[in-house]
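Residue-level structural notes
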Amino acid sequence: MTDKTAHYQKDLAEKLNCTRLARALNVLTNLQQHLFHLIPFLIHHNQIDVPGIIDPDTPCGVHGFILSDAIISACDFLSLSIPETNQTSDCVFEGVYAMGSTASFGQNPQSDVDIWLVYNSQLTQEQLKLIEYKNKLISDWFAGFEFEVNFYLVHPMQFRECSAFDNCQPVGLEHSGSSQHWLLLEEFYRSHIRLTGKVVAWWPDADSKNTESDVNLLYLGDINSLPAAEYFGASLWQLYKGLNKPHKALLKVLLLETYASEYPHTTLITQQLWQYCEQQDFSVDNDAYLLLYQRIEAYLIAQGDDNRLEIVRRCFYLKSGVTLSCLSPHSAADWRLEKISSLVKQWTWSHELVATLDNSPHWHAGQLKWFNQQLSELLLVSYKNLLKFASKQTLSERMRVEELGLLARKLHTYFSEDEHLLQPLNRLWSLSTAEKSLTIFYCKQASRFYLYRQAYIEQDPSQAVVRNQGNEFDNHPIHDADNICSLVAWSVLNGLATIETKWFQVGRGKRRTDKLSYLTRKLIPVMHNVPTVYKRDLCEPWCYQKIVLITNMDKDPTTQLNEQELMLEHVNTNILSFGQTKISMLSSVAVVCLNSWGEWQSHRFNGKTALLEAISFIILGLKRSNEQVDLSIISCSAKLKQPIFNQLKTLLLRCYGLMKKVNQTNTLMHPITIGDQHYSMHFNSLGMMYRKIESTTGTENLNSSVLPYADLADHSHLNAPSVIQKFIAMGAKQYFLRERLQTLDVFIADEHNQLEHLQYQHTSINNFVAKESHLYVFDEQKQRSPVFNMPQFFQLVDIEGKLTVIPFGLSVDEMGSAF
């Protein structure tokens, strides 16, 4: 490449960069424009005006930084002082770059700004930590103006020889460098804006020689030969990103699918952008997000997939933030307006559809749920198409098996069809899902409860929903479940039910309305205050973090009590066998629980043994929980609320204590009387089971006692190391691996806690895990169960003479990070 050619390409890149800067500022408000100008200024200097303590030893300085008039104006506008020295002696950053949707058709008023800081390769880990802390302070300062800016530190050899440097690390949670290595760089190349620093050499024939001949150029790597194995890891990561922003993830996953369909002769969007530049075309057509849409559109039209194409168009329109039905003076000057108007006309959208999309900040739960379902279905279709493509390849060495398992675990929760899971509703663009009124209707034929987002007028009992507000979703239930507690819990979890919400149930009176309101008030503080899920949580068996026992939501035996019977209410009142008639004051028990994987579930138990079945259900997960587990009792009974709370709380704590004491060689027994029937509760390492005691003699049912384990034990468990018993979890397949000389011991616990012991000769743990993982991902025979069924892998390691279980693959530092 000649110097003249290099100079020409650099000039083209700068022309596009100037165009993008102007487009980025066009969409921002006046305040946001000033904040945007300040980003390189705050990185170049250790600005003490920014609240927080910035260590004076924090490295700063950006190559080629210039104090522009725009930066001076921004400092004046925000009352920031300008340091006397504009240049630092040592520049620790090669450049500051915005990337992602900024300055594209995908930028809207609520878009965040992702900033890559490419740092000098000589920086130490201690210096990088100081920079990370400073970046957080700057992000927090921007957040005070409701302007979200995220910083990512990027090593100059991040995408070439990262493993050779101690100070090279993954790009961050947002980008997941190990699962989409080259595809991430391709996104940066096609979308970046240089705010200050070196010009990125991103044109197709750029190479490392460019930077050798020009110190003002930055070359990060070659993207022209993307490895096929990376498509699967990247698609899995985008699915995970889709849990929060499915409309963005759908577009990116479909782009991967489009790329994969052309493999190995894929034309990247980056290459298309450069072709426009070489043609001196810097019009709206030279836009990364628009080209992304057009590539997907062409692919789906060729596939004849009109359904996915329509949803993609809606996602593209919504992502832009342009509202054609209600243009403001600011949006009327938007550089994208003419093109989007032309596209909408081409798509033959009705005015009503455009108005509905423009009203997305005020979508209610019914609209959100419908759109969420469409996005989820389309994401899964793309994932399965990419799975077929990836099955012909080998898993990328960069896509670590343990990370694959963590991603799959989270996705399994989200895409599970288990009706007991309370699925969080993605609010997408909606500012609030709160409802003034909610009505429940019970259908005897289907044995299900249906939830409507309207009030119920008692004068017309044949109609569940009567206040039609002219919306297409109003006459449809927005959720259904097999019990009322699940409906209320789902409504609270997703913000529909608030303290002010008025509840109704068709065919039921004020007492039921009061119960529903009472349950809502009790659940709100429990379900709205949840802990963060960390990688450590996902690579270990789940345990309970919150358990809520809800009693007497349906039938309520306490309403039959007269005043004389209530006179007997004292501290020793036995609500499980009350009064002379020995009647249990519990008719039903519902369990709403949150586990350490971030899953909310709801289960209901009926009949005389409802309480015993509920305890049996929660006890194993409770055993693995620590003492910080939040146990709540909500009694919806008309009377005896406090005695019911006291006795159930005492019983649960007693069961928790007994479960903590059991080991592989004993069973603990605790007696309990419900109504006029005596039971014995047996606790062992497999859980709790109960038995009816036909007759009692002496005092055998008055105290807890220890029984031989073999009374209830499955002897196959006795062949496995006892430490495994603490880790097995129902519903998850788990491998416990131990290396001994030339032998690999493999203990497998299936989804039903059945144990199997296998031995392999001359096989390493890493090879075994990689092979099994590949089978679970790609082998059709292994795919009998739903998608994302990756098992868990653990190592059995001797630490100071004690056999210990540790999760496979993740370091101690990684396990403490949020996922």
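Residues numbered from 1 in each chain as written. Predicted model: local features only at pLDDT ≥ 70, side-chain atom pairs only at ≥ 80, totals over all residues. Heavy atoms only, no water.

**Points about the overall build of the chain**
What counts is decided by this rule: Secondary structure elements are taken from DSSP: a helix is a run of H or I of four residues or more, a strand is a run of E of two residues or more, and numbering for both begins at the N terminus. Partly exposed describes any residue whose relative accessible area lies between the buried limit of under 20% and the exposed limit of over 50%, with all areas from a 1.4 Å probe on protein chains only and scaled to the type maximum. Contact criterion: two residues are considered in contact whenever any of their non-hydrogen atoms come within 4.5 Å of each other.
From N to C terminus, the chain includes 23 helices and 23 strands. Counting every position in the chain, which comprises 819 residues, the buried fraction comes to 57%. Contacts in the chain between residues at least 24 apart in sequence constitute 70% of all its contacts with a sequence separation of at least 6.

**Here we look at the sheet that holds strand β14 (residues 630–635)**
Rules: Paired strands, as defined in this entry, are two strands with at least two bridges between them according to DSSP. Each axis is a line fitted through C-alpha atoms, and for a helix only the stretch in contact is used; angles between axes span 0 to 180 degrees, taken between their N-to-C directions.
Read from one edge of the open sheet, four strands run β13-β12-β11-β14, paired in mixed fashion. Every interior strand has two partners, whereas the edge strands, β13 (600–606) and β14, have only one. The average undirected angle you get between the axes of adjacent strands in this sheet is 15 degrees. With six bridges joining them, strand β11 (residues 544–551) and β14 adopt parallel strand pairing. Looking across to β14, one finds that Leu-549 is bridged to Ile-633. Each of β11, β12 (588–595) and β13 touches helix α16 (residues 484–493); the most contacted strand, β13, lies at about 160 degrees to it.

**Points about helix α2 (residues 30–44)**
Filter applied, for reference: Fitting one axis to the seven residues ending at a residue and another to the seven starting there, the bend at that residue is the angle between the two axes.
Leu-38 marks the point of greatest bend in α2, at about 35 degrees, and the proline Pro-40 comes within the next four residues. In terms of residue burial, α2 counts as a mostly covered element, since eleven of its 15 residues are buried. Within the span of α2, buried status applies to Gln-32, His-34, Leu-35, Phe-36, Leu-38, Ile-39, Pro-40, Phe-41, Leu-42, Ile-43 and His-44.

**As for the pattern of salt bridges**
Condition: By definition, a salt bridge exists where a carboxyl oxygen of Asp or Glu is found within 4 Å of a side-chain nitrogen of Lys or Arg.
Enumeration over the complete set of coordinates arrives at 22 salt bridges. One salt bridge connects Asp-745 with Arg-738, and the closest N-O pair in it is separated by 3.6 Å. Overall, the relative accessible area of 0% leaves Asp-745 in the buried class. Residue Asp-745 is joined to Arg-740 by a salt bridge in which the shortest nitrogen-to-oxygen separation is 2.5 Å. Several salt bridges share partner residues, and in doing so they unite Glu-257, Asp-305 and Arg-308 into one network.

**Points about the packing of aromatic side chains**
Cut-off, in case you're wondering: By convention, a stacked pair of Phe, Tyr or Trp rings (six-membered ring in the case of Trp) has centres within 6.5 Å and planes under 30 degrees apart, an edge-to-face pair has planes over 60 apart, and any other such pair is tilted.
A complete count under the given rule lists 29 aromatic pairs for this structure. Ring centres 5.0 Å apart and planes at 85 degrees place the aromatic pair Trp-202 and Trp-274 in the edge-to-face group. Of the two residues, Trp-202 sits in the loop between β5 (199–200) and α6 (208–213) while Trp-274 sits in helix α9 (residues 269–278), which places them 72 residues apart along the sequence. For the pair shown, Trp-202 and Trp-274 are each scored as buried. For the ring pair Tyr-293 and Trp-347, a centre distance of 5.6 Å and an interplane angle of 65 degrees mean the geometry is edge-to-face. Of this pair, Tyr-293 sits in helix α10 (residues 288–303) while Trp-347 sits in the loop between α12 (337–346) and α13 (351–358), placing them 54 residues apart in sequence. One exposure class covers both Tyr-293 and Trp-347, and it is buried.

**Topic: helix α5 (residues 181–191)**
Taken across its eleven residues, α5 has ten buried, putting it largely inside the fold. Turning to α5, its buried residues number three or more, namely His-181, Leu-183, Leu-184, Leu-185, Glu-186, Glu-187, Phe-188, Tyr-189, Arg-190 and Ser-191.

**Focus on the environment of Arg-308**
By the secondary structure assignment, Arg-308 is in helix α11 (residues 306–320). For Arg-308, a relative accessible area of 5% gives the class buried. Other than its neighbours up to four places away in sequence, Arg-308 contacts Leu-254, Glu-257, Tyr-299, Leu-300, Leu-378, Val-381, Ser-382 and Asn-385.

**Here we look at the packing of helix α7 (residues 230–241) against helix α14 (residues 365–390)**
Short version of the rule: What sets the label is the angle itself: under 35 degrees gives roughly parallel, over 145 gives roughly antiparallel, 65 to 115 gives roughly perpendicular, and the rest give oblique. With the far helix as reference, a near helix turned anticlockwise by less than a right angle produces a left-handed crossing, and one turned clockwise produces a right-handed crossing. Residues are grouped as follows: nonpolar covers Ala, Val, Leu, Ile, Met, Phe, Trp, Tyr, Cys and Pro; charged covers Asp, Glu, Lys and Arg; every other residue, Gly included, is treated as polar.
Two elements in contact, α7 and α14, have axes separated by 9 Å at closest approach and are oriented at 165 degrees. As judged from the angle between their axes, α7 and α14 are roughly antiparallel. Classified by chirality, the crossing of α14 by α7 is left-handed. Across the interface between the two elements, Tyr-231, Phe-232, Ser-235, Leu-236 and Leu-239 of α7 pack against Leu-379, Tyr-383, Leu-386, Leu-387, Phe-389 and Ala-390 of α14. Grouping the constituent residues of the contact of α7 with α14 by class yields ten nonpolar, one polar and no charged.

**Details of the packing of α11 against α13**
Here α11 crosses α13 at 55 degrees, and the two axes come no closer than 10 Å. One finds that α11 runs oblique with respect to α13. In terms of crossing hand, the pair formed by α11 and α13 is right-handed. Taken together, the residues of α13 that come into contact with α11 (itself represented by Glu-310, Arg-314, Tyr-317 and Leu-318) are Leu-353, Val-354, Leu-357 and Asp-358. Class assignment for the residues of the contact of α11 with α13 results in five nonpolar, no polar and three charged.

**What about a negative patch on the surface?**
Note the following rule: Patch criteria: residues need more than 30% relative accessible area and no salt bridge. Like-charged residues are merged within 9 Å; nonpolar side chains of Val, Leu, Ile, Met, Phe, Trp and Tyr are merged within 5 Å. Note on areas: Shrake-Rupley with a 1.4 Å probe; residue coverage comes only from the protein chains shown. When charges are counted, neither His nor the chain ends are considered; positive counts come from Lys and Arg and negative counts from Asp and Glu. By convention, charge coordinates are those of NZ in Lys, CZ in Arg, CG in Asp, or CD in Glu.
On the surface, a cluster of negative charge is made up of Asp-205, Asp-207, Glu-212, Asp-222 and Glu-278. Note that Asp-222 resides in the loop between β6 (217–218) and α7. What makes Asp-222 partly exposed here is its relative accessible area of 38%.

**Structural notes on the environment of Asn-483**
Under the convention used in this document: Distance and chemistry together define a polar contact, namely a pair of N or O atoms within 3.5 Å, with one atom able to donate a hydrogen and the other to accept it when in protein, and with adjacent residues in sequence counting only for side-chain atoms on both sides.
On the secondary structure map, Asn-483 appears in the loop between β9 (479–481) and α16. We classify Asn-483 as buried; its relative accessible area is 1%. In this structure the side chain of Asn-483 is engaged in a polar contact, spanning 3.1 Å, whose partner is the backbone nitrogen of Cys-485. Looking at Asn-483, its side chain comes within polar contact range of the main-chain nitrogen of Ser-486, at 2.9 Å.

**Section: the pairing of strand β16 (residues 677–684)**
Most of β16 sits out of view: seven of its eight residues are buried. Bridge analysis of β16 against strand β17 (residues 687–693) gives seven bridges, and the strand direction is antiparallel. In the strand pairing of β17, Met-681 is matched with Tyr-690.

**Quick word on the sheet that holds strand β1 (residues 93–99)**
Read from one edge to the other, the open sheet built from four strands follows the order β3-β2-β1-β4, with strand pairing classed as mixed. The sheet is open, and its two borders are formed by β3 (149–154) and β4 (193–197), each paired with just one other strand. Geometrically, the sheet is characterised by an average inter-axis angle of 20 degrees between neighbouring strands, direction not taken into account. Two strands pair when backbone bridges link them, and β1 and β4 are joined in this way by four bridges, in the antiparallel orientation. If you follow Tyr-97 over to β4, its bridge partner there is Arg-194. Together, β1, β2 (113–119) and β3 form the strand contacts of helix α4 (residues 125–143), whose direction differs from that of β3 by roughly 165 degrees. Each of β1, β2 and β4 touches α5; the most contacted strand, β1, lies at about 85 degrees to it.

**A closer look at unusual backbone geometry**
Phi is mostly negative for residues that are not glycine, and the peptide bonds are mostly trans. Going from Tyr-263 to Pro-264, the amide bond is cis rather than trans, its omega being 5 degrees. Along the chain, Pro-264 falls in the loop between α8 (246–262) and α9. Even without a glycine there, the phi angle at Gln-280 is positive, about 60 degrees. Along the chain, the position of Gln-280 falls in the loop between α9 and α10.

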